Protein chains: 2
Amino acid sequence: MRKRATAREVADAAGVSKWTVIRAFTPGASIAEESKRKVLEAAAALNYTPNLLARSLATNSTHQVAVFVDDFANPQKLPFLETLTERLQAEGLVAVLININTHFDHVHALLHADQRQVDAVILFGTAFRSETLSDLQFGRGTPPMFVLARDSQIEGVPAVTCDAELALREIVDHLFERGYRRPGFMTGATVLSTALRRRQHFVEFWRKKGVDDVAVFSAEKYSAEAGADAVRGYLKQTNPADRVDVLMCENDILALGAMDEIRGRFGLRVPEDMAVVGFDNYELCGSSAYSLTTYEQPRDEMVEVIVGIITGRLEPETVTLPGTLVVRNST
Amino acid sequence: MRKRATAREVADAAGVSKWTVIRAFTPGASIAEESKRKVLEAAAALNYTPNLLARSLATNSTHQVAVFVDDFANPQKLPFLETLTERLQAEGLVAVLININTHFDHVHALLHADQRQVDAVILFGTAFRSETLSDLQFGRGTPPMFVLARDSQIEGVPAVTCDAELALREIVDHLFERGYRRPGFMTGATVLSTALRRRQHFVEFWRKKGVDDVAVFSAEKYSAEAGADAVRGYLKQTNPADRVDVLMCENDILALGAMDEIRGRFGLRVPEDMAVVGFDNYELCGSSAYSLTTYEQPRDEMVEVIVGIITGRLEPETVTLPGTLVVRNST
DNA sequence: ATTTCTGTTGCTACCGGGTGCAAACGGGTG
DNA sequence: CACCCGTTTGCACCCGGTAGCAACAGAAAT
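Numbers given to residues run from 1 along each chain, matching the order in which its sequence is written. Throughout, the order in which chains and ligands are written sets their labels, letters from A for the former and numbers from 1 for the latter. Per-residue local features are limited, in this predicted model, to residues with pLDDT of at least 70; the limit for side-chain atom pairs, both in listing and counting, is 80 or more; totals at the level of whole chains, interfaces and linings are taken over all residues. Side-chain measures were taken over the full set of non-hydrogen atoms in the model, leaving aside hydrogen atoms and water.

Engineer: Mind showing me how you'd approach the pairing of strand β3 (residues 120-124) of chain B here?
Structural biologist: Here is the key point about a regular strand: its side chains alternate between the two faces of the sheet. All names here are of chain B. Among the five residues in β3, five count as buried, and that is most of the element. Any residue under 20% of the maximum accessible area for its type is buried, any over 50% is exposed, and the rest in between are partly exposed; the area is computed with a 1.4 Å probe on protein chains only. Runs of H or I in DSSP of at least four residues are treated as helices and runs of E of at least two as strands, each being numbered from the N terminus. Across the two faces of β3 the burial is the same, with A120, I122 and F124 and V121 and L123 all buried. Judged from the four bridges that link them, strand β1 (residues 64-69) and β3 form a sheet pairing that is parallel. Each bridged residue has a counterpart across the sheet, and for A66 the counterpart in β3 is V121. Note: β3 against strand β4 (residues 145-148), four bridges, orientation parallel. Within β4, the residue paired with F124 across the bridge is L148. Being paired, for any two strands, means DSSP has found at least two bridges between them.

Here you go:
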């Protein structure tokens, strides 16, 4: 298989210099109609297109954005990724998907992204220790970092999130109104709970309602199975009379797992015996099999803002957007 | 913010030439221990790491793989992406996620990937017209293309898939054994049905069992909602006595949507009134709320093979791997 | 006819590394 | 001390573009 044609080859074929070829491919460049036509003809014949790698090297901008993801169990990531990639591509950018795991941690990934000269890094809901990253942040030439769908806690690293305070206030108000008084909260991995702030606000708003006792327990991971395991553990070791009457889960996938366990294994009714609330409004939450009350993040707006920041249309600052409470039959 | 350090700067700091610096960062290069130490020290002090962009340009290999995705409604994509990115990263490769949609079609994306000099392109279950792509394929220097989780139909473009024939045989055998005799099949978008071959084999194996009448209808898209819509349309216009006794759906997400509609809106029992079968074994299929019989694709093996092909460890040829029938309560 | 201006084109230098060859080095051998 | 040989280092040139200046032609102005 032959190699790609270069500007040099097209130049020879068109009888001009390679700089004229470049100009034919540079919008707004000063070039005569006649030469442009000749060049484009020769380029078409040779199947030439500019080499973006070389261009990136010369212009010092790759139009690539690294997107770090570490929680693939949450199906909610998918529509987010869809919107994100679509909006990035509409801006001429492209997403490099980096899987953060035990073999490839944030430091590794950031170093790699840096070496690849990406234009920006998006930490898409990843669980990181701010200490680890704040060191790197101040190394030289590191690409700008942004956090999506999680709090940042690192100075100089803006985050685009759903307003957790507002969300939890609406949720607690709703639950209080429905008459629930013995709330419980299931977190995912405990390391992160502070980053999401959901638990913290949940407890706080119940306290404001005069309810000081919130049962809190946590799942091992963010997955339906872990949610089921956690709620099983809770139900087994709790006296039926002392059980919570409503369980809020840190995200939908935990909630669905929990709900399944509550109804399936324990034969309890949702919401009569125990109500359940999730977070994210994942597609299947609306199914009649679950009909889960949940809170929808303003996905499109969040993506719009973060892409706006990356492209420089918006100021790089932390933005918090309001979501929507979706009430269904589980409460 | 200062710019990144270059090999040139490190060379000056260490008192050697830039080529010696390069050698210090090239495994197996001929360099004296002493010089290497000096260089690495200077590099550490200046926070130098090689610029992968420049390296890619010089070596003509980017270690980037473009992954085309067009169906973000299927949650099954997520674990696949997780495994794929993890395995690629383990091989020193990185995935560039390209969202194929109406604004950014295959031709566009392929051109783009080509210009970016990616080492390979993976069409991950995307819906493409083979005519469109076979033209491009024979342009010069196009990166090698592979199809994952779908048939290729393009000469010279290998595919790594789950064995649809085996899968459907096992499924039909199972259904026949359970006594079902009025089968139906719901496809997603009709354009693709041939690429997945599932419907075709389904019909064929029922014929071999002496059942010639298979009801076939299709959903608009691959989503729970579309699945629900399609089954509603079918149930409304079909005389209850003529209804299928088992409905196989092209993938899980259609099946879950369908199941929800069958039970929720029509008050039918699954599997007593109508059994349902999916395909993929998405996590929630195992939940007691659904307990969907489905077929699990050999995800890890498929990814292993495609990564093996890309890295050159395996021959670039079409590979078909056996999956596993997962029988649950929906049949 | 000369000057000035404008649109067009070519050129040098550069982005930050990689390759292959030639020269320098240094130790052992005859 | 000359010679040989393997290791180490420097160099010219290359990867495929981009930036910005200088040169040039033809038209317009003087």
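Engineer: Help me understand helix α1 (residues 7-14) of chain B in this model?
Structural biologist: Because each turn of an α-helix spans 3.6 residues, side chains separated by three or four positions in sequence point in the same direction. Residues and elements named next belong to chain B. Taken together, the buried positions of α1 are A7, V10, A11 and A14. Mapping the buried residues of α1 onto a view down its axis gives an arc of 105 degrees, with all of them on the same face. Taken together, the buried residues of α1 touch α2 (18-24) and α3 (33-46). Directly after α1, the chain includes G15, whose backbone phi takes a positive value near 75 degrees. This arc describes the spread of directions from the helix axis toward the C-beta atoms. Two residues qualify as a contact provided that any one of their heavy atoms is within 4.5 Å of a heavy atom in the partner residue.

Engineer: Looking at this model, I keep getting lost on the protein's contact with DNA strand C. Mind explaining?
Structural biologist: Around DNA strand C there are 25 residues in total, and S17, T20, R23 and S35 of chain A together with I22 of chain B lie nearest to it. N or O atoms within 3.5 Å of each other form a polar contact, as long as, within protein, one can give a hydrogen and the other can take it, and as long as residues adjacent in sequence are counted only when both atoms are side-chain atoms. In the environment of DNA strand C, a base oxygen lies 2.9 Å from a nitrogen or oxygen atom belonging to the side chain of W19 of chain A. One of the side-chain nitrogen or oxygen atoms of Y48 of chain B is found 3.4 Å away from a sugar or linking oxygen of DNA strand C. Among the secondary structure elements, those contributing two or more residues to the surface near DNA strand C are α2 (18-24) and α4 (52-59) of chain A together with α2 and α4 (52-59) of chain B. One heavy atom suffices: a residue is near a molecule or strand as soon as one of its heavy atoms comes within 4 Å of it.

Engineer: What should I look at first to understand the sheet that holds strand β3 (residues 120-124) of chain A in this one?
Structural biologist: Across a sheet, strands are paired by hydrogen bonds formed along the backbone, either parallel or antiparallel in direction. Pairing in this open sheet of 12 strands is mixed, and the strands run β11(A)-β5(A)-β4(A)-β3(A)-β1(A)-β2(A)-β2(B)-β1(B)-β3(B)-β4(B)-β5(B)-β11(B) from one edge to the other. At either end of the open sheet lies a strand with only one pairing partner, and these are β11 (319-321) of chain A together with β11 (319-321) of chain B. Pairwise comparison of adjacent strand axes, ignoring direction, gives a mean angle of 20 degrees for this sheet. As paired elements, strand β4 (residues 145-148) of chain A and strand β5 (residues 159-162) of chain A share two bridges and run parallel to each other. Looking at β5 of chain A, one finds that V147 of chain A is bridged to A159 of chain A. To get an axis, fit a line to the C-alpha atoms, keeping to the stretch in contact for a helix; angles then go from 0 to 180 degrees between the N-to-C directions.

Engineer: Can you help me understand a negative patch on the surface in this one?
Structural biologist: All names here are of chain A. Note that patches include only residues with greater than 30% relative accessible area and no salt bridge, and the join distances are 9 Å for like charges and 5 Å for nonpolar side chains (Val, Leu, Ile, Met, Phe, Trp, Tyr). Methods summary: accessible areas were calculated by the Shrake-Rupley approach with a probe of 1.4 Å, and residue burial reflects only the protein chains presented. Should a side-chain nitrogen of Lys or Arg be within 4 Å of a carboxyl oxygen of Asp or Glu, the pair is scored as a salt bridge. For the charge count, each Lys or Arg is scored as positive and each Asp or Glu as negative, with His and the chain ends excluded. Note on charges: their place is set at NZ of Lys, CZ of Arg, CG of Asp or CD of Glu. A cluster of like negative charges, contributed by E86, E296, D300 and E301, occupies part of the molecular surface. Inspection of the secondary structure assignment puts E301 in helix α13 (residues 299-311). The exposure class of E301 is partly exposed, given its relative accessible area of 45%.

Engineer: When you look at the relation of the copies chain A and chain B in this model, what are you seeing that I'm missing?
Structural biologist: Two copies of a chain can be linked by a rotation about an axis combined with a shift along that same axis. Copy-to-copy superposition: least squares on the C-alpha atoms, limited to residues that have pLDDT of at least 70 in both copies. Superposition record for chain A on chain B: RMSD 0.2 Å, screw rotation 180 degrees, translation along axis 0.1 Å. Such a combination of turn and shift is consistent with a two-fold rotation axis. Ranked by how close their C-alpha atoms come to the rotation axis, the residues of chain A are headed by V96 of chain A, at 2.2 Å.

Engineer: What is the right way to look at the domain arrangement of chain A in this model?
Structural biologist: Domain extents, as shown, originate in an automatic or database domain assignment. Each domain of chain A was delimited in the assignment, giving domain 1 (7-50), domain 2 (60-161 + 299-321) and domain 3 (164-296). Each of domain 1 of chain A and domain 3 of chain A has a C-alpha centre, and the two are 63 Å apart.

Engineer: Looking at this model, I keep getting lost on the packing of helix α5 (residues 77-90) of chain B against helix α13 (residues 299-311) of chain B. Mind explaining?
Structural biologist: Two quantities define a packed helix pair, namely the angle between the axes and the distance from one axis to the other. Residue and element names in this part refer to chain B. Where α5 meets α13, the axes come as close as 10 Å, and the angle between the chain directions of the two elements is 40 degrees. By the angle between their axes, α5 is oblique relative to α13. As α5 packs across α13, the resulting crossing turns out to be right-handed. On α13, the residues touching P79, F80, T83, L84, R87 and L88 of α5 are R299, D300, M302, V303, E304, I306 and V307. Amino acids are sorted into nonpolar (Ala, Val, Leu, Ile, Met, Phe, Trp, Tyr, Cys and Pro), charged (Asp, Glu, Lys and Arg) and polar (every other residue, Gly among them). Here the contact of α5 with α13 is composed, by residue class, of eight nonpolar, one polar and four charged. By the definition adopted for this analysis, an angle is roughly parallel if under 35 degrees, roughly antiparallel if over 145, roughly perpendicular if from 65 to 115, and oblique otherwise. Definitions for this section: a left-handed crossing has its near helix turned counterclockwise from the far helix by less than a right angle. A right-handed crossing has that turn clockwise.

Engineer: Just to check I follow, could you spell out empty space enclosed by the protein for this structure?
Structural biologist: Taking a probe equal in size to a water molecule and rolling it over the atoms shows the remaining empty space. Here a cavity is any set of points on a 1 Å grid over the protein atoms alone where a 1.4 Å probe fits but cannot get out, and a pocket is any open set with protein on both sides within 12 Å along at least 5 of 7 lines; a residue lines the site when it has an atom within 4 Å of a point. Grid points are joined across faces, edges and corners, and a volume is the space filled by probe spheres set on the points. Tallying each qualifying case throughout the model produces two cavities of 30 Å³ or more. Lining the largest cavity are 15 residues, and of these N74, K77, A149, D280 and Q297 of chain B sit closest to its centre. Residues that form the lining of the largest cavity fall into these classes: five nonpolar, five polar and five charged. Lining the second largest cavity are L52, L53, S56, T62, Q64 and R116 of chain A together with L52, L53, S56, T62, Q64 and R116 of chain B. Contributions of two or more residues to the lining of the second largest cavity are made by α4 of chain A together with α4 of chain B. A per-class count over the lining of the second largest cavity returns four nonpolar, six polar and two charged.

Engineer: What is the right way to look at the side chain of Q117 of chain B in this model?
Structural biologist: Position of Q117 of chain B among the secondary structure elements: in the loop between α6 (106-115) and β3. With residues up to four places along the chain from it excluded, the contact list for Q117 of chain B reads R4, N51 and L53 of chain A together with N60 and T62 of chain B.

Engineer: Sorry if this is basic, but what is going on with the sheet that holds strand β6 (residues 183-187) of chain B here?
Structural biologist: Residue and element names in this part refer to chain B. Across the sheet, which stays open at both edges, the four strands sit in the order β7-β6-β8-β9 with parallel pairing between neighbours. Of all the strands in the sheet, the pair left with one neighbour each is β7 (215-218) and β9 (275-277). Geometrically, the sheet is characterised by an average inter-axis angle of 20 degrees between neighbouring strands, direction not taken into account. Relative to β7, β6 runs parallel, the two sharing four bridges. In the sheet register, M186 faces β7, and the bridge partner there is F217.

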